[in-house]
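Single-letter residue listing:
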Amino acid sequence: QFPFGRRLPCDIYWHGVSFHDNDIFSGQVNKFPGMTEMVRKITLSRAVRTMQDLFPLEYNFYPRSWILPEEFPLFVDEVRMMKDSDPSWKPTFIVKPDGGCQGDGIYLIKDPSDIRLTGSIQSRPAVVQEYICKPLLVDKLKFDIRLYVLLKSLEPLEIYIAKDGLSRFCTEPYQEPTLKNLHQVFMHLTNYSLNIHSGNFIHSDNVNTGSKRTFSSILCRLSSRGADVKKLWSDIISLVIKTIIALTPELKVYYQSDIPAGKPGPTCFQILGFDILLMKNLKPMLLEVNANPSMRIEHEQELSPGVFENVPSPVDEEVKVAVIRDTLRLVDPQKKKRKDTQLSYDYSHLTFTTAKSAGFHSPVLQVGMKDKQHKHHSLKLSLKLKFYLKLGLCQTSEHVPEASEELLGAGPVDRGDSDPPRSSEAGLPSLCLKQVFPKYAKQFNYLRLVDRVAALFIRFLGVKGTTKLGPTGFRTFIRNCKLSNSNFSMAAVDILYIDITRRWNSMGVDHKESGMCLQAFIEAFFCLAQKKYKSLPLHEQVASLIEFCEYRLAALDEKRLVCGRG
Ligand code: ADP
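Every value quoted in this text rests on a predicted model; they were computed, and no experiment measured them.

What counts and how
- Sequence positions are assigned chain by chain, starting from 1 and proceeding in written order.
- At least 70 in pLDDT is required for a residue's local features to be given in this predicted model, at least 80 for side-chain atom pairs to be given and counted, and no such filter applies to totals for whole chains, interfaces and linings, which use all residues.
- Excluded from the side-chain calculation are hydrogens and water; included are all heavy atoms of the structure.
- We count a stretch as a helix when DSSP gives it H or I for four or more residues in a row; a strand needs E for two or more, and each element gets its number in order from the N terminus.
- Note on contacts: a residue pair is in contact if any heavy atoms of the two residues lie within 4.5 Å.
- Whether a residue is near a molecule or strand depends on its heavy atoms: if one lies within 4 Å, it is near.
- Whenever two N or O atoms come within 3.5 Å, that pair is a polar contact, provided that in protein one can donate a hydrogen and the other can accept it, and provided that, for residues adjacent in sequence, both atoms are side-chain atoms.
- Note on areas: Shrake-Rupley, 1.4 Å probe, and residue coverage restricted to the protein chains presented here.
- Each residue is assigned to one class: nonpolar for Ala, Val, Leu, Ile, Met, Phe, Trp, Tyr, Cys and Pro, charged for Asp, Glu, Lys and Arg, and polar for all the others, Gly among them.
- Domain limits in this description derive from either an automatic procedure or a database domain assignment.
- Here pLDDT means the predictor's own confidence in every residue, given as a number from 0 to 100.
- Strands qualify as paired when DSSP identifies two bridges or more between them.
- Only C-alpha atoms enter the line fits that serve as axes; for helices the fit covers just the stretch in contact. Angles between N-to-C directions range over 0 to 180 degrees.
- For classification purposes, an angle smaller than 35 degrees is called roughly parallel, one larger than 145 roughly antiparallel, one from 65 to 115 roughly perpendicular, and anything else oblique.
- Residues enter a nonpolar core if they are buried and are Ala, Val, Leu, Ile, Met, Phe, Trp, Tyr or Cys, with the set joined through side-chain atoms within 4.5 Å.
- We call a residue buried when its accessible area falls under 20% of the maximum for its residue type, exposed when it is over 50%, and partly exposed in between, using a 1.4 Å probe and counting protein chains only.
- Between rings of Phe, Tyr and Trp, where Trp is taken as its six-membered ring, a pair exists when centres lie within 6.5 Å; planes separated by under 30 degrees are stacked, by over 60 edge-to-face, and by other angles tilted.
- We count a charge as sitting over a ring when the NZ of a lysine or the CZ of an arginine lies within 6 Å of the ring centre and within 35 degrees of the ring normal.
- Helix span, as expected, comes to 1.5 Å for every residue beyond the first.
- Whenever a carboxyl oxygen of Asp or Glu lies within 4 Å of a side-chain nitrogen of Lys or Arg, that contact is scored as a salt bridge.

Describe the environment of Ile-109, naming the residues involved and giving the relevant values.
For Ile-109, the location among the structural elements is in strand β5 (residues 107-109). Ignoring anything within four residues of it in the chain, the contact list for Ile-109 reads Thr-92, Phe-93, Val-95, Asp-114, Ile-115 and Leu-182.

Pasting the structure below:
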């Protein structure tokens, strides 16, 4: 609790719903600015679609989706075309209101004409999505997986995934959708908040049975049936990393707007809830991301009609306590301080020498350090005999890091995910949160193109605190990157800006500010890339234009630096 009137800043601020406090100047906040907006159904679908345009195969873990109402005609046309080309295709679609949760307002349809375009639904934007008709069943029931993911840092990107999650079961045996069963929510929707109201819901006191189980118990079942659970985990990890890669560009725009670079502000981290559905062939599909996943470890039990009591839920406790505990361990401010101290010294300059002096061995540690200003310092520290003895009189190279930590007061080294530092953590179980990024960065970095487009966008935003680019900023971008020529005049640049910006603003994305939002800039950027590098695939066109722009801007910066010096 944050006591009223507290003056001292906190190490960690744990907000209940979203990032909302602009009066925090230090410490760490458990929410990222803009995350709630980013994971809404429409925004998430847009961000994933941008990635699907660039990398269709890599992003086929998200069902084909259309945004309503503006893409209704497109939805109708595309479905008709697909049906024409494959008359045996008998799809089902799921309509989900934007910003809804707990299955609220969701319904299934067989044909685009069944969309309820009248009444309150029409005024409520929604996503319509291909329905996954063949989910994996356990005990004849459909279920989904809730996995907890810690986004520990945006820049540099650091992602952790919890080793265990929850599996939430439907309460009616599953049948593939037909006109007769479309409305049966207990058969088709796995939401806990819905199924709890079914007479068939089973609260269990262990983790392997009932309507809510641990994901690990499902993996055990699958493994005993001979399924390749290693491959499944690896697919889930790539789904999570790719989804976060799709979200980061816009998150960075929000971040710089709320916490401008160069000004005092907190850093952020956030626990996200990933909802994943397994298909019959074990392919994981992303359903949605929750910015504020429930961390309740109790459920309500009706003792007698109308009389409820909170009782502990062992399954929730097993999974969620570990997630919160390990999040706190990973963002531990004391550990961070130690790390910062370590980081300000460059270990690569560390040399260890021994010197013989008056009568006893006294090792001398010679440390070449780079401080934050990158000046070189040389420090000679004579180790006390006591410490020398403590080291066991060893001075071989493998002991250097440990010795230096203690010397620098750095404390134990962070041994990564499997072996947490001793001292304060002694007695705690090993971390349930496993680092997946940057650990697997090499495999995924090629997907981070839009991040670089966002970096260009942010550079030209100009006034700090905005999230939209004005016409002058766009013109400066074109001029500085030398993208205008006899075939593409500045008048054409203005037309491009106006056309795209107007269309995005008419979609009602965000009326608070005028100007070009990141998604509109990305569209304009793709357009320019296609124009400039005609015959390449889209992701190569975009990559080439990014490199071109970055090169131009680096040259410009260099020129300015030289002029400045001059
Ligand atoms: P909400 O935020 O309202 O829970 P979700 O997107 O999570 O919305 O959808 C609710 C439930 O509907 C999911 O838990 C899942 O059981 C089912 N569902 C959602 N999308 C699909 C889909 N494309 N195919 C099959 N089932 C789906």
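The discussion continues.
Lay out the site of the ligand in plain terms, naming residues and giving numbers.
What surrounds the ligand is a group of 23 residues, the closest being Lys-96, Gly-103, Thr-190, Asn-191 and Glu-288. At 2.7 Å from an oxygen atom of the ligand is found a main-chain nitrogen or oxygen belonging to Gly-103. One of the side-chain N or O atoms of Asn-191 is found 2.6 Å from an oxygen atom in the ligand. For the ligand, the protein covers 98% of the area, taking 540 Å² as the surface of the free molecule. Among the elements of the structure, β4 (93-97), β6 (126-130), β8 (141-153) and β14 (284-290) are those that each provide at least two residues to the shell around the ligand. For the shell around the ligand, a count of residues per class yields nine nonpolar, seven polar and seven charged. A domain split of the shell around the ligand shows at least three residues from each of domain 1 (12-59 + 134-300 + 310-333) and domain 2 (64-131).

A description of the confidence of the model for the protein should follow, citing residues and the corresponding values.
Considering every residue of the protein, the mean pLDDT works out to 82; 80% of them sit at 70 or more. Summarising per-element confidence for the protein, the mean pLDDT is lowest in helix α11 (residues 385-390) (28) and highest in strand β13 (residues 270-278) (98). Here residues 344-422 is a poorly scored stretch, pLDDT under 50, and it has 104 contacts once near neighbours within four places are set aside; other chains count.

So, the sheet that holds β4: which residues are in play, and what are the values?
For sheets, the rule is that strands pair by backbone hydrogen bonds, running either parallel or antiparallel. Reading across from one edge, β3-β6-β4-β5 is the order of the four strands in this open sheet, with antiparallel pairing throughout. Across the chains shown, the open sheet's two edge strands, defined by having one partner strand only, are β3 (65-68) and β5. On average, each strand axis in the sheet is tilted by 25° relative to the strand beside it, whichever way the strands run. Relative to β5, β4 runs antiparallel, the two being bridged by three bridges. Bridging from a neighbouring strand, Phe-93 pairs with Ile-109 of β5. Together, β3, β4 and β6 form the strand contacts of helix α2 (residues 41-54), whose direction differs from that of β3 by roughly 135°. This element, helix α3 (residues 72-85), spans β3, β4 and β6 of the sheet and lies at about 150° to β3.

Please provide a residue-by-residue account of the packing of α2 against helix α8 (residues 229-258), values included.
If you want to describe how two helices pack, look at the angle between their axes and the distance between the axes. Interhelical geometry of α2 versus α8 gives an angle of 105° and a closest axis separation of 9 Å. Relative to α8, the element α2 lies roughly perpendicular. The residues of α8 that touch α2, namely those facing Thr-43, Leu-44, Ala-47, Val-48 and Met-51, are Thr-243, Ile-245, Ala-246, Leu-247 and Glu-250.

Got a sec to walk through the sheet that holds strand β2 (residues 28-29)? Specific residues and values, please.
In space, the three strands of this open sheet follow the order β1-β2-β12, with parallel pairing throughout. The outermost strands of the open sheet, each flanked by one partner alone, are β1 (12-13) and β12 (267-268). Pairing of β1 with β2, which is carried by two bridges, proceeds in the parallel orientation. Among the inter-strand pairings, Ile-12 is bridged to a residue of β2, identified as Gln-28.

Can you lay out the nonpolar core for me, pointing to particular residues and giving the numbers?
Within the largest apolar cluster, 99 residues are counted, with the highest numbers of intra-cluster contacts made by Ile-159, Phe-274, Phe-474, Phe-477, Phe-525 and Val-542. The element contributing the most residues to this core is α8, with 12 residues. Residue-level mapping places this core at the junction of two domains, with at least three residues from each of domain 1 (12-59 + 134-300 + 310-333) and domain 3 (448-564). Once residues within four sequence positions are removed from consideration, Phe-525 is found in contact with Val-453, Leu-456, Phe-477, Val-542, Leu-545, Ile-546 and Cys-549. In terms of nonpolar packing, the next biggest core, distinct from the first, is built from 16 residues, Tyr-148, Leu-150, Tyr-160 and Ala-162 among them.

I'd like to hear about the pairing of strand β9 (residues 158-162), residue by residue, with values.
Of all five residues making up β9, five are buried, and the element is well covered by its neighbours. Judged by which residues are buried, β9 turns out to be covered on both faces: Glu-158, Tyr-160 and Ala-162 on one side and Ile-159 and Ile-161 on the other are all buried. One ladder, built from four bridges, connects β8 with β9; its direction is antiparallel. Each residue of the ladder has a partner; that of Val-149, found in β9, is Ile-161. The loop that links β8 with its antiparallel partner β9 comprises four residues.

Please provide a residue-by-residue account of the packing of aromatic side chains, values included.
For the coordinates displayed, the defined rule picks out 20 aromatic pairs. Aromatic pair Trp-66 and Phe-75: ring centres 4.8 Å apart, planes at 50°, arrangement tilted. Both residues of the pair, Trp-66 and Phe-75, belong to the buried class. A connected cluster of aromatic rings, assembled from ring pairs, spans Phe-457, Phe-460, Phe-474, Phe-477, Tyr-497, Phe-521 and Phe-525. Positioned above the aromatic ring of Phe-169 is the side chain of Arg-213, whose terminal nitrogen or guanidinium carbon lies 4.1 Å from the ring centre. The residue whose ring lies beneath Lys-532 is Phe-548, and the NZ or CZ to ring-centre distance is 4.1 Å.

A description of the pairing of β6 should follow, citing residues and the corresponding values.
Here is the key point about a regular strand: its side chains alternate between the two faces of the sheet. Of all the five residues making up β6, four are buried; the element is thus mostly covered by neighbouring parts of the structure. Looking at chain direction, β3 and β6 are connected through four bridges and run antiparallel. Looking across to β6, one finds that Trp-66 is bridged to Val-128. Strand direction decides the pairing type here: β4 and β6, joined by five bridges, are antiparallel. Within the sheet, the bridge partner assigned to Lys-96 lies in β6 and is Val-127.

So, α2: which residues are in play, and what are the values?
When the terminal C-alpha atoms of α2 are compared, their 20 Å separation across 14 residues agrees well with the 20 Å that a helix rising 1.5 Å per residue should span. Counting buried residues in α2 gives 11 out of 14 residues, a clear majority hidden from the surface. Of the positions making up α2, those classed as buried are Lys-41, Ile-42, Thr-43, Leu-44, Ser-45, Arg-46, Ala-47, Val-48, Thr-50, Met-51 and Leu-54.

Please set out the pattern of salt bridges residue by residue, giving values where relevant.
Counted by the stated rule, this structure contains 27 salt bridges. Between Asp-451 and Arg-448 there is a salt bridge, and its shortest N-O distance comes to 3.0 Å. By the burial criterion, Asp-451 is buried, and Arg-448 matches it. We note a salt bridge from Arg-452 to Glu-547, for which the minimum N-O separation is 4.0 Å. Residue Arg-452 is found in helix α14 (residues 449-461), and its partner Glu-547 is found in helix α18 (residues 538-565); the two are separated by 95 residues along the sequence.

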